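Report on the structure
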Amino acid sequence: MPYAAITYRVKPGHEDEIAEIFAGFQRVGTPVLVDADGKEAGRLVGTAVFIKDDLMIRVIHYEGDFIQVARNMAQHKGVHALEAKLAPYLAETRDTSTPEAFGQYFRNATMRCISQLSADTLPVGG
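An account of the accompanying structure is given in this report. Just so we're clear, the structure is a prediction, and the values are computed from it rather than from any experiment.

1. Overview of the packing of helix H1 (residues 15–23) against helix H3 (residues 77–86)
Geometrically, a packed helix pair is captured by the angle between its two axes and the distance between the axes. At their nearest, the axes of H1 and H3 sit 10 Å apart, and the two run at 165° to each other. Taken together, H1 and H3 sit at an angle that is classed as roughly antiparallel. Here H1 runs over H3; the crossing is right-handed. Mapping the contact onto sequence places Ile 18, Ile 21 and Phe 22 in H1 and Leu 82, Lys 85 and Leu 86 in H3. Residue classes in the contact of H1 with H3 are distributed as five nonpolar, no polar and one charged.

This is how it looks when you write it as structure tokens:
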């Protein structure tokens, strides 16, 4: 199951305020991701958020198509509420008000994956 990492440049010194915002985040009601036709396209397995100084990273563990992860997040009201609360702490302003704008930011902020290892990738007998 793949992982993705999304970067956020934040204003340093606000780690506690940002942590408080994420503490109140409202999760989606289902982990199932659907495509534009409403068909199951994957599953959101989990997320984690890390922060240090001026860098915050959201790690997303998912199954299926990563484009559907972005599409589903762009439509989630809780994500938009979180984005609005984060806005004053971001070092760079961005538009996430529409699904298209959110998708553009999501694509631009996704880190390049250079390695993913898990128990499933261990050598046989390892």
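2. Structural notes on the pairing of strand S3 (residues 40–52)
Relative to S3, strand S2 (residues 32–34) is paired through three bridges, and the arrangement is antiparallel. Considered in S3, the bridge of Val 32 is made with Arg 43. Taking the residues that link successive antiparallel strands as the turn, the S2-S3 hairpin has five residues, and the phi of Gly 38 there is positive, at about 85°. Here S3 runs beside strand S4 (residues 55–64); their pairing, made up of 10 bridges, is antiparallel. Looking at the pairing, Thr 47 lines up with Ile 60 of S4. Between S3 and S4, which pair antiparallel in sequence order, lie two residues; one of them, Asp 53, sits at a positive phi of approximately 55°.

3. Here's the deal with the side chain of Glu 83
Take Glu 83: it is sitting in helix H3. Not counting residues up to four positions away in its chain, the partners in contact with Glu 83 are Tyr 8, Arg 94, Thr 96 and Phe 102.

4. A few points about the pattern of salt bridges
Inspection of the entire model under this criterion finds four salt bridges. Across the pair Arg 9 and Asp 54 runs a salt bridge, and its minimum N-O distance is 3.7 Å. Taken together, the residues span a long stretch of sequence, with Arg 9 in strand S1 (residues 3–9) and Asp 54 in the loop between S3 and S4 at a distance of 45 residues. Judged by its relative accessible area of 40%, Arg 9 falls in the partly exposed class. Residue Glu 83 is joined to Arg 94 by a salt bridge in which the shortest nitrogen-to-oxygen separation is 2.1 Å. Of the two residues, Glu 83 sits in helix H3 while Arg 94 sits in the loop between H3 and helix H4 (99–109), which places them 11 residues apart along the sequence.

5. Section: the sheet that holds S3
Hydrogen bonds between backbone atoms are what pair the strands of a sheet, whose relative direction is either parallel or antiparallel. The four strands are arranged S1-S4-S3-S2 in an open sheet whose pairing can be described as antiparallel. Bordering the open sheet on either side are S1 and S2, each of which pairs with just one other strand. Ignoring strand direction, the axes of neighbouring strands in this sheet form an average angle of 35°. Helix-sheet contacts for H4 involve S1 and S4, and the interaxial angle to S1 is about 100°.

Basis of the calculations
Residues numbered from 1 in each chain as written. Predicted model: local features only at pLDDT ≥ 70, side-chain atom pairs only at ≥ 80, totals over all residues. Heavy atoms only, no water. Axes fitted to C-alpha atoms, helices over the stretch in contact; angles between N-to-C directions. Helix = DSSP H or I, 4+ residues; strand = E, 2+ residues; numbered from the N terminus. Parallel < 35°, antiparallel > 145°, perpendicular 65-115°, else oblique. Left-handed = near helix turned anticlockwise from the far one by under 90°. Contact = heavy atoms within 4.5 Å. Nonpolar A, V, L, I, M, F, W, Y, C, P; charged D, E, K, R; others polar. Pairing = 2+ DSSP bridges. Salt bridge = Lys/Arg side-chain N within 4 Å of Asp/Glu carboxyl O. Buried < 20%, exposed > 50% of the residue type's maximum accessible area, 1.4 Å probe, protein only.

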